[in-house]
Amino acid sequence: MARDDDRRACAPCAGRVARAFAAAALALACALPLASCGAEADTADDEGFAAETAATADEGPADDEEGPEDADGAAPAGLEPTGEDLAARLDAYLSANFPQVGMPGAAVAVVDADGVRYLATLGDCPGADAPFVVGSLSKSFAAVAVMQLVEQGAVDLDAPAARYAQGYDVPDEVTVRSLLNQTSGFGSHDSLSEAADGQLGDTFGSFSYANANYDLLGRVVEGASGEPYARYLDEHVLGPLGMTASTADPVRAEALGMAPGHRDWFGLHLADGFRHAQGDDAWGGPASGYVASSVRDMAGYLRMYLNGGAADGDGRVLSPDSVRRMFLDRVPDPEGDTYYGMGWTSFYWDDGELVLSHDGQVENYVASMCLLPERGIGVVVLADANDNAGGNSRFFDLVSGVVTAAVGGVPAPVDAQWTALWRQRTDVLYACAALACAAPLLLVRRWPRRLASAPRRGRRSSHAPRWRETLRRPRTCGKIAPSPMGSQRRLSPCARREGMSWRYWSSWLQGCSWGRRCSPRGSKG
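First things first, this report covers the structure right here in the doc. (Residues numbered from 1 in each chain as written. Predicted model: local features only at pLDDT ≥ 70, side-chain atom pairs only at ≥ 80, totals over all residues. Heavy atoms only, no water.)

## Digging into the packing of aromatic side chains
In step 1: Under the criterion given, the structure shown has nine aromatic pairs.
In step 2: On the basis of an interplanar angle of 75° and a centroid distance of 6.3 Å, the ring pair of Phe 132 and Tyr 365 is categorised as edge-to-face. Of this pair, Phe 132 sits in strand S3 (residues 132-133) while Tyr 365 sits in strand S11 (residues 365-372), and the two are 233 residues apart along the sequence.
In step 3: Assessed through its relative accessible area of 1%, Phe 132 is described here as buried.
In step 4: Each residue in the set Phe 141, Tyr 301, Tyr 305, Phe 327 and Trp 344 is aromatic and connected to the rest through ring pairs, giving one cluster.
In step 5: When the ring centre of Tyr 339 is taken as reference, the NZ or CZ atom of Arg 330 above it lies at 4.2 Å. (Phe/Tyr/Trp six-rings, centres within 6.5 Å; stacked < 30°, edge-to-face > 60°. Helix = DSSP H or I, 4+ residues; strand = E, 2+ residues; numbered from the N terminus. Buried < 20%, exposed > 50% of the residue type's maximum accessible area, 1.4 Å probe, protein only. Lys NZ or Arg CZ within 6 Å of the ring centre and 35° of its normal.)

## Digging into a nonpolar patch on the surface
In step 1: On the surface, a nonpolar cluster with roughly 310 Å² of combined accessible area is contributed by Trp 265, Leu 268 and Leu 270.
In step 2: Position of Trp 265 among the secondary structure elements: in strand S4 (residues 262-265).
In step 3: When its relative accessible area of 42% is taken as the criterion, Trp 265 is described as partly exposed. (Patch = residues over 30% accessible without salt bridge, like charges linked within 9 Å, V, L, I, M, F, W, Y side chains within 5 Å. Areas by Shrake-Rupley, 256 points an atom, 1.4 Å probe, with all protein chains shown as cover. Salt bridge = Lys/Arg side-chain N within 4 Å of Asp/Glu carboxyl O.)

## Comments concerning the sheet that holds strand S9 (residues 345-348)
In step 1: Strand order in the open sheet formed by eight strands is S2-S1-S12-S11-S10-S9-S8-S7, with antiparallel pairing between adjacent strands. Unpaired on one side and paired on the other, strand S2 (115-123) and strand S7 (331-332) mark the two borders of the sheet.
In step 2: Note: strand S8 (residues 339-340) against S9, two bridges, orientation antiparallel. For Tyr 340, the partnering residue across the bridge sits in S9 and is Thr 345.
In step 3: Seen against the sheet, helix H3 (residues 83-101) touches strand S1 (105-112) and S2 and runs at an angle of roughly 20° to S2. (Pairing = 2+ DSSP bridges. Contact = heavy atoms within 4.5 Å. Axes fitted to C-alpha atoms, helices over the stretch in contact; angles between N-to-C directions.)

## Examining the side chain of Asp 333
In step 1: With respect to the helices and strands, the residue Asp 333 is situated in the loop between S7 and S8.
In step 2: Arg 330 is the oppositely charged side chain nearest to the buried, salt-bridge-free Asp 333, at an N-O distance of 12 Å.
In step 3: When sequence neighbours within four positions are dropped, the list of residues in contact with Asp 333 reads Phe 207, Thr 338 and Tyr 339. (Lys, Arg positive; Asp, Glu negative; His and termini not counted.)

## Things to note about the nonpolar core
In step 1: The biggest cluster of nonpolar side chains holds 85 residues, and the ones touching the most others in it are Phe 141, Tyr 301 and Tyr 305.
In step 2: Top element by residues in this core is helix H4 (residues 138-151). It accounts for nine residues.
In step 3: Formed by 34 residues, the second largest nonpolar core is a distinct cluster that contains Leu 94, Val 108, Ala 385 and Leu 398. (Core = buried A, V, L, I, M, F, W, Y, C linked by side-chain atoms within 4.5 Å.)

## Regarding the sheet that holds S4
In step 1: If you walk across this open sheet you meet the three strands as S5-S4-S13, and the pairing is mixed. Edge positions in the sheet fall to strand S5 (268-270) and strand S13 (385-386), since each has one partner strand and no second.
In step 2: As defined by bridge partners, S4 adjoins S5 across three bridges and the pair is classed as antiparallel. Note on S5: the bridge partner recorded for Asp 264 is His 269.

## Looking at the pattern of salt bridges
For side chains bearing opposite charge, pairing can occur when the charged atoms are close.
In step 1: Going through the model one piece at a time under the given rule, you end up with 13 salt bridges.
In step 2: Asp 129 serves as the salt-bridge partner of Arg 296, at 2.8 Å between the closest nitrogen and oxygen. Of this pair, Arg 296 sits in helix H10 (residues 295-306) while Asp 129 is found in the loop between S2 and S3, placing the two residues 167 residues apart along the sequence.
In step 3: Classification of Asp 129 as partly exposed rests on a relative accessible area of 43%.
In step 4: Here the salt bridges share partners, and the residues they tie into one network are Glu 80, Glu 353 and Arg 375.

## Some words on the pairing of S4
In step 1: Note that S4 and S13 share two bridges and pair parallel. Bridged to His 262 within S13 is Ala 385.

## Examining the packing of H4 against H10
In step 1: Contact pair H4 / H10: the axes reach a minimum separation of 13 Å and the direction vectors enclose 50°. In terms of axis orientation, H4 runs oblique to H10. Handedness of the H4/H10 crossing: left-handed. In this structure, H4 uses Ser 140, Phe 141 and Val 144 to contact H10, whose residues at the interface are Met 298, Tyr 301, Met 304 and Tyr 305. (Parallel < 35°, antiparallel > 145°, perpendicular 65-115°, else oblique. Left-handed = near helix turned anticlockwise from the far one by under 90°.)

Function cannot be inferred from these measures alone, as they are strictly geometric.
Below, the structure is given as structure tokens:
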């Protein structure tokens, strides 16, 4: 019958479409989000702080809590390797394991209160003074700026944030302290403009990580100081610390000679020139994730904490009390055994030793810093790529190995095998999804021919679908042809080559829009 013939005529086309949609559905169902949120931690140290953190270790995880494992075979505090011994350990570890990470370039530094114990650049890193975007390590810079203003009496931690960040619709319950501790209730994926909607979030009062908290703190700094955030940071934090290769201004960062940032494209790290969007509509800004700094500058930054807020020479960025408050004025993470202070995360090794750290990930860079206040040691590692399909996990494994070696332990090698399998699976799924999305576009030119020829393959039926009648190409050119509304329309001279003219279709669509019944050709509407 005609209908059966029509179905058979369209079956090959329908089958291809069905297979394409099935492949797309399978790919999208399997391609789960791969972005990882790095754990964060803090640290600082000064003469009084070291003793206090040792006492604070008694507040560590109870026996029934399982904290992050400590460094394997770590030496007792004060007996860590230094000098040539440390350099030999780290050189051997990095030469064997950095290639397993797969990042194009990286930079590593180990410091103590007196200076730099180890510094190295790897891969395509231009040098120790080349800035990297440090991701969420930027949050601690914003916290330093806020605590400076607190010391000056220009900001009250328990005052509504809206007092200083005017023009943002934030409830009075959201205080400066709640922004620092990430307890404001802002959504984790909200931009600042989305978070400042005048409503308290569902997580208000408990820890919930959100870039918008620190983006708003950047506005608090601007409102309380009367200076743009990047300028304030340059003049009051980076400048006094001698961090000349660091800035929160993206234009200036480019002028400083950035390490080239790479994004992952099916296993290939490409420096594609990506630039993060600016403004309140962007997810993350300078205060929450886009400070640029070199490994040498970051080494000096960590030394400031280890010296209780003092800069080299007679300068001081923060008081020892403000440093302590940044680390120990903290809230627990309800989903883990870590705490969040002011731009720093803290946790305890199994032996009760306090660890302060923070990780950072942006589109084309990844970073991690760590402070061990009881040992007076700091570690920072920066890399110039982001690879959510396993590469970032290998990077953080490398950071753990560097910390372990710095305290005299035996670092575990980076295991690239499982992430290689993850990478293969991810690439195959993304390729399937891309092909499934492209398949309809490849077939689009064949559809009109198939649909137009389908009625000819079987006996004509008065019950054939009306849309097939309208798709039939006229056999004459320049002659009178009936329109779908039953009126007479003259076809354009090129109708034979191009099909019905646009006037033909417009008359039919106008008839439908006027409420008429769209009738078969030659009948009255």
